[in-house]
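The lines below spell out each chain.
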Amino acid sequence: MRIFLPTNHQSFILELTLKATADCVLGIVLYDQRNDDSHYFRRKVSLLQDEKRTIKIRLPFSPKNGLLDIYNKQSGTAQGFKLINMAVKSLNPPATWQSPQRKRFACFAID
């Protein structure tokens, strides 16, 4: 299951409520839409049949446009589970530890 998230470099907490229809091991990955190797979050979750779990993903940094992949690691498909709810809560931006010059250079280097 692939979900497009227009994150726009914002800090947030993503809450996913999942329910397993069969025993499964899920993989959850959030990455930049432009670059597949830019994992902002990776997690492995084991669920038993009919188990319902809420997973909180804290993202102090995010890409401009993110893709969230939720998949069954055993089959590689989106079978064996259902996404019941997805909520976004705001998160205070991280404290800046960079000087303004370094921050400008980092923005230049990323773009």
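Since the structure is predicted, the reported quantities are computational estimates derived from the model, not experimental observations.

Cut-offs and rules
Residues numbered from 1 in each chain as written. Predicted model: local features only at pLDDT ≥ 70, side-chain atom pairs only at ≥ 80, totals over all residues. Heavy atoms only, no water. Salt bridge = Lys/Arg side-chain N within 4 Å of Asp/Glu carboxyl O. Helix = DSSP H or I, 4+ residues; strand = E, 2+ residues; numbered from the N terminus. Buried < 20%, exposed > 50% of the residue type's maximum accessible area, 1.4 Å probe, protein only. Phe/Tyr/Trp six-rings, centres within 6.5 Å; stacked < 30°, edge-to-face > 60°.

Novice: Which residues make up the pattern of salt bridges, and what values go with them?
Specialist: On inspection of all chains with the given rule, the structure shows four salt bridges. In this structure, Glu15 and Lys56 form a salt bridge, with 3.9 Å as the shortest nitrogen-oxygen distance. On the criterion of sequence distance, the pair formed by Glu15 in strand S2 (residues 12–20) and Lys56 in strand S5 (residues 52–59) is long-range, its members being 41 residues apart. In this structure Glu15 comes out as buried when scored by relative accessible area, which is 13%. Residue class for Lys56 comes out exposed when judged on its relative accessible area of 55%. The closest approach of N and O atoms between Arg53 and Glu51, which form a salt bridge, is 3.0 Å. The network of salt bridges with common partners includes Glu15, Lys56 and Lys89.

Novice: A description of the packing of aromatic side chains should follow, citing residues and the corresponding values.
Specialist: Applying the stated criterion to the full structure yields one aromatic pair. For the pair Phe105 and Phe108, a centre-to-centre distance of 6.2 Å together with 45 degrees between the ring planes defines the contact as tilted. On the criterion of helical spacing, the pair formed by Phe105 and Phe108 is a turn pair, its members being three residues apart in helix H1 (residues 100–110). For Phe105, a relative accessible area of 54% corresponds to the exposed category.

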